[in-house]
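Understanding the architecture of this molecule
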Amino acid sequence: MASRIEFVEYVAEQCGGAGEITYKKMFGEYGLYCDGKFFGCVSDDEFFVKITDKVKERFPDLPEKPPYDGARNSFCVENVDDRDFLTELVTETCAALPEPKPKKSKRK
């Protein structure tokens, strides 16, 4: 089941306190970015965030499961209505992730 764009937009809006949140359709679902850094996805109308050690330590009760078959486990964020929590979660996650690699020029 594909995610509804309304849910993706709502999640992006709720996470907005962490930075500029954008999303991109990927394989029928949506990847989420904060200030250009990929941090999670929406799959089957569920919100998933990459697992980092610091976030795992800070929020030990977040459930983990893969967003789709064959994927690594991610945090499955069930409460998408708590804007302050999501801002903190996304901020902490992105602080622990590496900077995105610059895109290579396609010119030869």
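Preceding block: the structure.
Examining the side chain of K37
Assignment of secondary structure puts K37 in strand 3 (residues 37-43). Given the relative accessible area of 9%, K37 is considered buried. When sequence neighbours within four positions are dropped, the list of residues in contact with K37 reads L32, C94, L97, P98, E99 and P100.

Details of unusual backbone geometry
Not every positive phi belongs to a glycine, and D35 is a case in point at roughly 50°. For D35, the position within the fold is in the loop between strand 2 (29-34) and strand 3. What makes D35 exposed here is its relative accessible area of 54%. For D44, which is not glycine, the phi torsion reads 50° and is therefore positive. Along the chain, D44 turns up in the loop between strand 3 and strand 4 (46-49). When its relative accessible area of 35% is taken as the criterion, D44 is described as partly exposed.

Notes on the nonpolar core
The biggest cluster of nonpolar side chains holds 26 residues, and the ones touching the most others in it are F39, F47, L86, L89 and V90. Those elements that provide at least two residues to this core are helix 1 (5-14), strand 2, strand 3, strand 4, strand 6 (74-77) and helix 3 (83-96). Per element, the largest residue contribution to this core is 5 residues, and it comes from helix 3. Excluding its chain neighbours within four sequence positions, the residues that come into contact with V90 are C15, A18, I21, C34 and F39.

Rules used throughout
Residues numbered from 1 in each chain as written. Predicted model: local features only at pLDDT ≥ 70, side-chain atom pairs only at ≥ 80, totals over all residues. Heavy atoms only, no water. Helix = DSSP H or I, 4+ residues; strand = E, 2+ residues; numbered from the N terminus. Buried < 20%, exposed > 50% of the residue type's maximum accessible area, 1.4 Å probe, protein only. Contact = heavy atoms within 4.5 Å. Core = buried A, V, L, I, M, F, W, Y, C linked by side-chain atoms within 4.5 Å.

Read these as spatial facts, not as claims about activity.
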